[in-house]
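These are the residues of each chain, in order.
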Amino acid sequence: MMRVPKKLVSFWGKGGVGKTTLSSAVAVSLSKMGYRTYLLSSDFVPSLQDVLGVELSREPLELSENLVVDQLFEEKVIEMWKERFGEEVYRVASSIFPVGREIIDYVAGAPGIVEEFTLYYIYELYRNEDFDVLVWDTMATGGGLRMLRIEKEFYDHLGEAVKLYLRVKGVIDRIRTGSEDPLKLIESWRELAQKVLDFLRGSHHVASLVSRSLPVDYYVATRVYRELLEFGIPVKMLFVNMVSGSAEENLYFKKFYDSFGEKLTLLRVPRVDPSPRGIDSLSKLLEKNDVDTILSLLEG
Ligand SMILES: Nc1ncnc2c1ncn2[C@@H]1O[C@H](COP(=O)(O)OP(=O)(O)OP(=O)(O)O)[C@@H](O)[C@H]1O
Ligand SMILES: [Mg+2]
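Conventions adopted
Residues take numbers from 1 onward in each chain, read along the sequence in its written order. Going through the entries in the order they are written, you letter the chains from A and number the ligands from 1. Two thresholds apply to this predicted model, a pLDDT of at least 70 for residue-level local features and 80 or more for giving and counting side-chain atom pairs, whereas whole-chain, interface and lining totals are computed over all residues. Side-chain numbers come from the whole structure's heavy atoms, not from hydrogens or water. Going along the chain from the N terminus, every DSSP run of H or I of four or more residues is numbered as a helix, and every run of E of two or more is numbered as a strand. Between buried and exposed lies partly exposed: a residue is buried under 20% and exposed over 50% of the maximum accessible area for its type, with that area taken using a 1.4 Å probe on protein chains only. Contacts are assigned to residue pairs that have any heavy atoms within 4.5 Å of one another. DSSP-based pairing: two strands are paired if at least 2 bridges between them are found. To get an axis, a line is fitted to the C-alpha atoms, and for a helix only the part in contact is used. The angle between two axes follows their N-to-C directions and goes from 0 to 180 degrees.

### Observations concerning the side chain of Glu115
Next up, step 1: Note on placement: Glu115 falls in helix α5 (residues 113-128).
Next up, step 2: Looking at Glu115, the relative accessible area reads 15%, which means it is buried.
Next up, step 3: Contact partners of Glu115, with chain neighbours within four places excluded, come to Arg146, Met147 and Ile150.

Here is the structure:
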């Protein structure tokens with residue numbers, strides 16, 4: 001086994017195409033080969049536990065040798081957000097308006113905060129935890145892409161916030177009592193948002209698309225591919241999942257091949273019966289060839 005520089009493998013795609021199943025299968029296969037693997041699901045509709053066949057709580061679980069499993073729950077994300085940013089938000093807000101600490105709960109409940117902080121959580125996890133590969137099961141298309149859009153908007157808005165802040169600064173200086181410079185805090189949030197986006201755009205990130213070999217799935221996958229690219233995240237793998245060999249599936253597999261065969265690594269995964277549940281059946285879902293292909297991407 002070759003030690004790889006830390007990698008992030010993420011799974012994107014339409015609802016129900018097999019993101020959770022394939023991220024679990026990839027994580028199980030890698031961990032069996034000796035790679036220290038961290039499997040994270042940021043889908044707040046948790047299904048990781050059903051696919052793995054284990055009960056998951058709020059704390060990461062060491063499922064087997066080299067495999068840690070972590071399911072993000074929304075309340076936990078909000079709590080972590082408050083811990084990390086609550087005080088800073090209070091300091092900035094209270095330097096401008098006469099507000100109490102209830103502003104922290106108010107902002108924590110604002111739309112977009114959870115998505116934005118989920119990305120921050122993954123960024124920090126990747127930097128701080130000790131593993132070879134972080135396998136990330138994202139939420140279905142709508143939620144996954146929304147998360148990226150929000151991070152980008154957050155970044156842009158913070159730029160505006162700095163301008164606004166400077167405009168009212170004269171007034172603030174007269175009424176302010178604290179010593180902390182809120183401008184510095186706002187700027188630090190903006191830098192962080194930029195770092196999170198850069199992190200997702202880096203070459204250590206192996207973004208993977210999952211689709212079934214069917215018409216609507218094909219069109220959605222094509223759009224997700226394009227949208228990720230527009231964010232500066234090139235998709236490197238495409239799993240065409242649940243192929244059972246019907247005429248329509250063969251036709252659409254060929255379409256996938258013609259559209260993406262030269263741009264990325266394409267893997268075909270059969271529909272198995274019964275559907276994969278638990279470590280044992282997950283470890284058999286991918287062919288040895290497929291695992292080698294994935295490894296060559298991780299090592300490259
Ligand atoms: N290769 C396969 N063969 C047979 N069944 C599969 C296969 N891949 C996935 N499934 C089944 O298809 C269903 C959807 O899979 P999964 O939950 O992994 O999709 P998902 O993309 O994570 O869905 P969601 O968008 O809801 O999170 C599950 O019942 C799963 O067991
Ligand atoms: Mg899922």
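### Observations concerning the sheet that holds strand β1 (residues 7-12)
What holds strands together in a sheet is hydrogen bonding between their backbones, with the strands either parallel or antiparallel.
Next up, step 1: Across the sheet, which stays open at both edges, the eight strands sit in the order β3-β4-β2-β5-β1-β6-β7-β8 with mixed pairing between neighbours. This sheet does not close on itself; its edge strands, each paired only once, are β3 (61-64) and β8 (265-270). For this sheet the average axis-to-axis angle between neighbouring strands, irrespective of direction, equals 25°.
Next up, step 2: Bridging between β1 and strand β6 (residues 205-212) involves five bridges; their strand directions are parallel. Within β6, the position partnered with Leu8 by the bridge is His205.

### Structural notes on unusual backbone geometry
Next up, step 1: Omega for the bond connecting Asp273 with Pro274 falls within 30 degrees of zero, at 0°, which places this linkage in the cis form.
Next up, step 2: Counting through the fold element by element, Pro274 comes out in the loop between β8 and α10 (278-285).
Next up, step 3: One non-glycine residue, Asn66, adopts positive backbone phi at about 70°.
Next up, step 4: Summarising the element assignment, Asn66 is placed in the loop between β3 and β4 (67-71).
Next up, step 5: When its relative accessible area of 23% is taken as the criterion, Asn66 is described as partly exposed.
Next up, step 6: Positive phi, close to 60°, is recorded for Met242, a residue that is not glycine.

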